[in-house]
Amino acid sequence: MQTEIAATDTPEAQKDAVSKAVSLLRGGEVVGLPTETVYGLAGDAHNAEAVSRIFEVKERPYFDPLIVHIVGEGQLEDVAEVPDEIAPAVAELLGAFWPGPLTLILPKKDVIPDLVTSGKDTVAVRASGDPLFRKVLREFGGPLAAPSANRFGSISPTSARAVVAELDGRIPLVVDGGACNCGLESTIVRVLPGEKKPVLQVLRSGPVTKEDLRKFGKVEFLTGAAPGGAAPEAPGQLESHYAPATPLRLLGAPEDFVSEPGKSYALLSYRGEEKDGYLGLTEFARVGVLSPGSGKLPEAAVRFFFVLRELDAMGVDEIVAEPVPERGLGVAIMERLRRGSAVMKGSE
Ligand code: TXA
Ligand code: MG
């Protein structure tokens, strides 16, 4: 099978791409679609065969449940229950962040096949803000299951080209919506009733930050991203997730770096500034800078997987990463750096 990249740079091309995607989805196929976070691999959420095809294409273990995408709050009751005790908090969160990069974990409706949720009685629900994704959802007319469009354990794709690099020949179509606006996967939250305020448990950090969420409840992190942290709650948040093929090492400070003779290194730098003390640590084969100059976390987030993918393609022995400030979007970036470098820790 050849993977077609459908352009969307004119209104006609866009219409064509959307209807191609929709007809493939109706036929039980899976297709690559842009969202504002990362590209998704979408299939009909009601069709167990299509869902199983998603797992197969991604080589994803069946214990790792998928996210179900809907257009918005109006379709929520088609896929999930909202228990009375959290209904006001859920309504506030949806009002503030949907459509957008927030995924909620809610009790699932029976119409969603168990395969989608890996047998869990909860479902992860998201309403993407991406106009193309929304067009496909509307025209398709039902929920779509869509995890990130990468092979299991690999880096999430933030461009159509990156989807092809991951899944070429395994899927018939990728709709090219350009580079993703956020660049990091959605924030995953479970809402629990609390004493004074609802409790918002963050299962995966993402573009909706702690600072954004705390107006709506007490924020707790269950991401397990900290070194030696507890087992993550989202089953897919395995330690080695987000790993490039090249070993990745996250430094805490420049002093942590010890170069081994004969080894080649690439540097993943936050702002590419000499004064931060990392650029001169060794003769790096390549330096990838997340946000050149003064360093801006939103820019670093958008470019994160793109730059990591570029360094990964260099064929060096190791990618060394500078830490980024751990606030706002920096929390989500650090979570991914820690997981990406966990593979190395495991092999030591
Ligand atoms: O931004 C995103 O969320 C992207 C775009 C394509 O929507 N999707 C994405 O999906 O990142 P995926 O499958 O790569 O990550 C979904 C995460 C996994 O870690 C999975 O374990 C978790 O969500 N998850 C799904 N259903 C869950 C559930 N019922 N309870 C807890 N975690 C769940
Ligand atoms: Mg993923």
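Please refer to the structure placed before this passage.
Here the structure is a predicted model, which is why all the values come from computation and not from measurement. (Residues numbered from 1 in each chain as written. Chains lettered and ligands numbered in written order. Predicted model: local features only at pLDDT ≥ 70, side-chain atom pairs only at ≥ 80, totals over all residues. Heavy atoms only, no water.)

*Asks:* For this particular structure, what's the right way to read the environment of P131?
*Replies:* Tracing the chain through its elements places P131 in helix α6 (residues 131-140). Separated by 95 residues in sequence, P131 and E36 place their C-alpha atoms 9.0 Å apart. (Helix = DSSP H or I, 4+ residues; strand = E, 2+ residues; numbered from the N terminus.)

*Asks:* Honestly, the nonpolar core in this entry has me stumped. Any pointers?
*Replies:* When a protein is soluble and globular, its nonpolar side chains tend to lie buried together. Counting 46 residues, the largest nonpolar core has L93, L104, V191 and L213 as its most contacted members. Elements supplying a minimum of two residues to this core: α2 (48-58), α3 (76-79), α4 (87-97), β5 (102-107), β6 (122-126), α7 (160-167), β9 (187-192) and β10 (199-204). Among all residues touching L93, those that are not within four sequence positions of it are W98, L102, L104, V191, L200, L213 and F216. L311, I319, A321 and L329 belong to the second-largest nonpolar core, a separate cluster that totals 26 residues. (Core = buried A, V, L, I, M, F, W, Y, C linked by side-chain atoms within 4.5 Å. Buried < 20%, exposed > 50% of the residue type's maximum accessible area, 1.4 Å probe, protein only. Contact = heavy atoms within 4.5 Å.)

*Asks:* Looking at this model, I keep getting lost on the environment of S186. Mind explaining?
*Replies:* Residue position: S186 is located in the loop between β8 (173-175) and β9. Classification of S186 by relative accessible area gives buried; the value is 2%. Along the backbone, S186 and E36 are 150 residues apart, and their C-alpha atoms lie at a distance of 8.9 Å.

*Asks:* Looking at this model, I keep getting lost on the state of the cysteines. Mind explaining?
*Replies:* Any covalent bond linking the sulfur atoms of two cysteines counts as a disulfide. All chains considered together, the criterion is met by zero disulfides. With no disulfide partner, C182 has as its closest neighbouring cysteine sulfur the one in C180, 8.2 Å distant. (Disulfide = S-S within 2.5 Å.)

*Asks:* I would appreciate a short explanation of the sheet that holds strand β13 (residues 265-269) in the present structure.
*Replies:* Backbone hydrogen bonds hold the strands of a sheet together, and the pairing may be parallel or antiparallel. Strand order in this open sheet of four strands is β12-β15-β13-β14, and the pairing throughout is parallel. At either margin of the open sheet sits one strand with a lone partner, and together these are β12 (248-250) and β14 (286-289). Taking each pair of neighbouring strands and ignoring which way they run, the sheet shows an average axis angle of 20 degrees. Relative to strand β15 (residues 318-321), β12 runs parallel, the two being bridged by three bridges. Each residue of the ladder has a partner; that of L250, found in β15, is A321. Helix α9 (residues 297-312) contacts β12, β13, β14 and β15 of the sheet and is inclined by roughly 170 degrees relative to β14. (Pairing = 2+ DSSP bridges. Axes fitted to C-alpha atoms, helices over the stretch in contact; angles between N-to-C directions.)

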